[in-house]
Amino acid sequence: AQRVTQPEKLLSVFKGAPVELKCNYSYSGSPELFWYVQYSRQRLQLLLRHISRESIKGFTADLNKGETSFHLKKPFAQEEDSAMYYCALTRVQGGKLIFGQGTELSVKP
Amino acid sequence: DAGVIQSPRHEVTEMGQEVTLRCKPISGHDYLFWYRQTMMRGLELLIYFNNNVPIDDSGMPEDRFSAKMPNASFSTLKIQPSEPRDSAVYFCASSRLAYEQYFGPGTRLTVT
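Now for a quick tour of the structure.

About the thresholds
- Residues numbered from 1 in each chain as written.
- Chains lettered and ligands numbered in written order.
- Predicted model: local features only at pLDDT ≥ 70, side-chain atom pairs only at ≥ 80, totals over all residues.
- Heavy atoms only, no water.
- Contact = heavy atoms within 4.5 Å.
- Buried area = accessible area lost by both parts, 1.4 Å probe.
- Salt bridge = Lys/Arg side-chain N within 4 Å of Asp/Glu carboxyl O.
- Polar contact = N/O pair within 3.5 Å; in protein donor to acceptor, adjacent residues only side chain to side chain.
- Phe/Tyr/Trp six-rings, centres within 6.5 Å; stacked < 30°, edge-to-face > 60°.
- Helix = DSSP H or I, 4+ residues; strand = E, 2+ residues; numbered from the N terminus.
- Buried < 20%, exposed > 50% of the residue type's maximum accessible area, 1.4 Å probe, protein only.
- Pairing = 2+ DSSP bridges.
- Axes fitted to C-alpha atoms, helices over the stretch in contact; angles between N-to-C directions.
- 1 Å grid on protein atoms, 1.4 Å probe; cavity = no way out; pocket = protein on both sides within 12 Å on 5 of 7 lines; lining within 4 Å.
- Points joined across faces, edges and corners; volume = space filled by probe spheres on them.
- Nonpolar A, V, L, I, M, F, W, Y, C, P; charged D, E, K, R; others polar.
- Disulfide = S-S within 2.5 Å.

So, on to the interface of chain A and chain B. At the junction of the two partners, chain A supplies 18 residues and chain B supplies 23 residues. When residues of chain A are sorted by the area they lose upon contact with chain B, Arg43(A), Leu44(A) and Lys96(A) head the list and together hold 34% of the total. The interface formed by chain A and chain B includes zero salt bridges. Inspection of the chain A/chain B interface yields five residue pairs in polar contact (both at pLDDT 80 or more).

Rendered as structure tokens:
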């Protein structure tokens, strides 16, 4: 079964601390993985995707096929990073996105 | 481009009433998705269309829910009759490629 698991509903860190939002997936085949973010009172938007191997707003995510994980990391959290983060996957050819339950990141001053 | 447009932004209705949510996708996008977001269940895909044709409606909770896309620039999600457990934020999203979805602002539905 296709599934995305985000084990933490809430992650609270202090400004300047490293942050890691966990994402594990189960999928038979080669999926494409993404992170979406939803800031307070704003639309859900694409943050990054694994095929791009890019860093957006200081966030990076590495796809680990052996551990079937796609954790989102940032070395120094900022208050403006506080938001809901969703991990998602789809099959390589496209199709519907399967979202995880989401993790609320709270960065305290 | 104004992005994905949804209306109404807020809807309060009484149990048993019909509710219609509307979505205008981004011009040129050929995928349209309807999602429901609740605290308990997170973000759930209800149904999605490709070129106005429903592709997967397995997420539609029950027969009370229906969705249509009569043309490339308009879609509706209807709940008839509505129930308190339908209270949620409903998002519409569109994309040219299925994974790079652009979300609308959502419709917050409250059924009393």
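Right, let's get into the packing of aromatic side chains. Scanning the model with the defined rule gives twelve aromatic pairs over all chains in all. Summarising the aromatic geometry, the rings of Tyr86(A) and Phe99(A) are spaced 6.2 Å apart at their centres and angled 90 degrees between planes, so their arrangement reads as edge-to-face. Pair noted here: Tyr86(A) is in strand 9 (residues 83-91) and Phe99(A) is in strand 10 (residues 98-99), with a separation of 13 residues, a long-range link. Phe99(A) carries the same exposure label as Tyr86(A), and that label is buried. Aromatic side chains Phe99(A) and Phe103(B) sit 6.2 Å apart centroid to centroid with 80 degrees between the ring planes, which places their arrangement in the edge-to-face category. Taken together, the residues Phe99(A) in strand 10 and Phe103(B) in strand 10 (residues 102-103) connect one chain to another. Of the residues examined, Phe99(A) reaches a relative accessible area of 9% and is grouped as buried. Looking at Phe103(B), the relative accessible area reads 3%, which means it is buried. Pairwise contacts between aromatic rings join Tyr36(A), Tyr86(A), Phe99(A), Tyr31(B), Phe33(B), Tyr35(B), Tyr48(B), Phe91(B) and Phe103(B) into one cluster.

Residue and element names in this part refer to chain B. Pairing within the open sheet is antiparallel, and its four strands lie in the order 1-3-8-7. Both edges of this open sheet fall to strand 1 (5-7) and strand 7 (65-71), since each of them pairs with a single strand only. The sheet shows a mean angle of 15 degrees between the axes of neighbouring strands, direction not considered.

Right, let's talk about the layout of surface pockets for a bit. Within this model, the largest pocket holds a volume of roughly 890 Å³. Residue lining of the largest pocket: 27 residues in total, with Gln38(A), Met84(A), Gln37(B), Val89(B) and Arg108(B) positioned closest to the centre. With three residues, strand 9 of chain A is the largest single contributor of residues to the lining of the largest pocket. Residue classes in the lining of the largest pocket are distributed as nine nonpolar, twelve polar and six charged. In this structure, the second largest pocket encloses a volume near 310 Å³. In terms of lining residues, the second largest pocket is bounded by 18 residues, among which Ile98(A), Phe99(A), Leu43(B), Glu44(B) and Leu45(B) are the most central.

Quick look at the state of the cysteines now. All names here are of chain A. Applying the stated criterion to the full structure yields two disulfides over all chains. With a sulfur-sulfur separation of 2.0 Å, cysteine 23 is cross-linked through a disulfide to cysteine 87. As the torsion about the S-S bond is roughly -65 degrees, the cysteine 23-cysteine 87 disulfide counts as left-handed. Taken together, the residues cysteine 23 in the loop between strand 3 (19-21) and strand 4 (24-26) and cysteine 87 in strand 9 connect sequence positions 64 residues apart. When sorted by exposure, cysteine 23 lands in the same class as cysteine 87, which is buried.

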